[in-house]
Amino acid sequence: EPEVTQTPSHQVTQMGQEVILRCVPISNHLYFYWYRQILGQKVEFLVSFYNNEISEKSEIFDDQFSVERPDGSNFTLKIRSTKLEDSAMYFCASSGAGAGFEGYTFGSGTRLTVV
Amino acid sequence: GQSLEQPSEVTAVEGAIVQINCTYQTSGFYGLSWYQQHDGGAPTFLSYNALDGLEETGRFSSFLSRSDSYGYLLLQELQMKDSASYFCALRTGSARQLTFGSGTQLTVLP
């Protein structure tokens, strides 16, 4: 079964450092997303990406965040200057663009710890 | 904005049927999804209701009533492996983004 692959699985970084989280969505999917989940809390939408541009973003996705699809397979989330409150599990997801909505496929996540 | 409410915890015994409710407030949405999450792992898609009524997928069924701003997930013939967190999520926006509820921790007892 097709998978969404995320790397690394764990990332520890010092406050103020830049981090890049990487994702390989399912190859024939056209919508890509980043979500985050602070420990014990709900999953929160960060950004959606379609046709090589951001289609929607949440209030969380401020100027410290950016996304990129540098080639035909990778989808990255960059946090420019990490803060303690950025510590969370970050999930990448993708979905198709068919007329029906078959749901997302999520990756296994990157656990980001900012110290 | 959108908000969704679910019970924080539900407990049931193996073999039983359990219903997890979800009420929501929104100005508009495309449909209601359900996801399962084990121990903080990847959320897994279970079901999606675009229209009112019942959707059945194996042991899982999901229901939506737009007039009541209410939906539920029904799990039948509970198994120990069903112990997990279950999230309802509204699909909003043309970009298909989801707004998640806070999740319901289901514990299945032997």
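Cut-off values and rules
- Residues numbered from 1 in each chain as written.
- Chains lettered and ligands numbered in written order.
- Predicted model: local features only at pLDDT ≥ 70, side-chain atom pairs only at ≥ 80, totals over all residues.
- Heavy atoms only, no water.
- Pairing = 2+ DSSP bridges.
- Helix = DSSP H or I, 4+ residues; strand = E, 2+ residues; numbered from the N terminus.
- Axes fitted to C-alpha atoms, helices over the stretch in contact; angles between N-to-C directions.
- Disulfide = S-S within 2.5 Å.
- Buried < 20%, exposed > 50% of the residue type's maximum accessible area, 1.4 Å probe, protein only.
- Contact = heavy atoms within 4.5 Å.
- Buried area = accessible area lost by both parts, 1.4 Å probe.
- Salt bridge = Lys/Arg side-chain N within 4 Å of Asp/Glu carboxyl O.
- Polar contact = N/O pair within 3.5 Å; in protein donor to acceptor, adjacent residues only side chain to side chain.
- Nonpolar A, V, L, I, M, F, W, Y, C, P; charged D, E, K, R; others polar.
- 1 Å grid on protein atoms, 1.4 Å probe; cavity = no way out; pocket = protein on both sides within 12 Å on 5 of 7 lines; lining within 4 Å.
- Points joined across faces, edges and corners; volume = space filled by probe spheres on them.

**A few points about the sheet that holds strand β8 (residues 70-75) of chain B**
All names here are of chain B. Read across the sheet, five strands follow the order β1-β3-β8-β7-β6 without closing on themselves; strand pairing throughout is antiparallel. In this open sheet, the two edge strands, each paired with only one partner strand, are β1 (3-5) and β6 (53-57). Between one strand axis and the next, the sheet turns by 20 degrees as a mean value, whatever way the strands run. In this sheet, β8 lies alongside strand β3 (residues 18-25) in antiparallel orientation, the contact comprising six bridges. For Q19, the partnering residue across the bridge sits in β8 and is L74.

**Digging into the state of the cysteines**
Residues and elements named next belong to chain A. Across all of its chains, the model carries two disulfides over all chains by this definition. Each sulfur of the disulfide joining C23 and C92 lies 1.9 Å from the other. Its S-S torsion of about -65 degrees marks the bond between C23 and C92 as left-handed, since a negative value means left-handed. Taken together, the residues C23 in strand β3 (residues 19-24) and C92 in strand β9 (residues 88-95) connect sequence positions 69 residues apart. Residue C23 is classed as buried on the basis of its relative accessible area, which comes to 0%.

**Looking at the pairing of β3(A)**
Residues and elements named next belong to chain A. Going residue by residue along β3, you find V19, L21 and C23 tucked away on one face and I20, R22 and V24 left uncovered on the opposite face. Here three bridges tie strand β1 (residues 5-7) to β3, and the two strands are oriented antiparallel to one another. Paired with T5 across the two strands is V24, which belongs to β3. Relative to strand β8 (residues 75-79), β3 is paired through five bridges, and the arrangement is antiparallel. Opposite I20, over in β8, you have K78 as the bridge partner.

**Structural notes on the sheet that holds strand β7 (residues 65-68) of chain A**
Residue and element names in this part refer to chain A. If you walk across this open sheet you meet the four strands as β1-β3-β8-β7, and the pairing is antiparallel. With partners counted over all chains shown, the strands left at the sheet margins are β1 and β7, one partner each. Averaged over all neighbouring strand pairs, the angle between strand axes comes to 20 degrees, with direction disregarded. The pairing of β7 with β8 spans four bridges and is classified as antiparallel. Bridged to V67 within β8 is L77.

**Thoughts on the interface of chain A and chain B**
Listed per partner, the contact involves 24 residues of chain A and 19 residues of chain B. Each partner contributes to the roughly 1700 Å² buried at the junction of chain A and chain B, and carbon and sulfur atoms together form 58% of this total. Our enumeration of links across chain A and chain B arrives at zero salt bridges. Viewed at the interface, chain B and chain A are joined by four residue pairs in polar contact (both at pLDDT 80 or more). Mapped by element, the contributors of at least two residues to the side of chain A that touches chain B are β4 (31-37), β5 (43-50), β6 (53-57) and β9 of chain A. A total of four residues in the side of chain A that touches chain B trace back to one element, the largest contributor, which is β4(A). Residue composition of the side of chain A that touches chain B, grouped by class: eleven nonpolar, ten polar and three charged.

**Looking at the layout of surface pockets**
Here the largest pocket is characterised by a volume of approximately 390 Å³. Along the wall of the largest pocket there are 17 residues; nearest its centre are A:E1, A:P2, A:E3, A:T105 and A:F106. Going through the elements one at a time, β10 (105-106) of chain A together with β5 (44-49) of chain B are the ones with two or more residues in the lining of the largest pocket. Counted by class, the lining of the largest pocket contains eight nonpolar, six polar and three charged residues.

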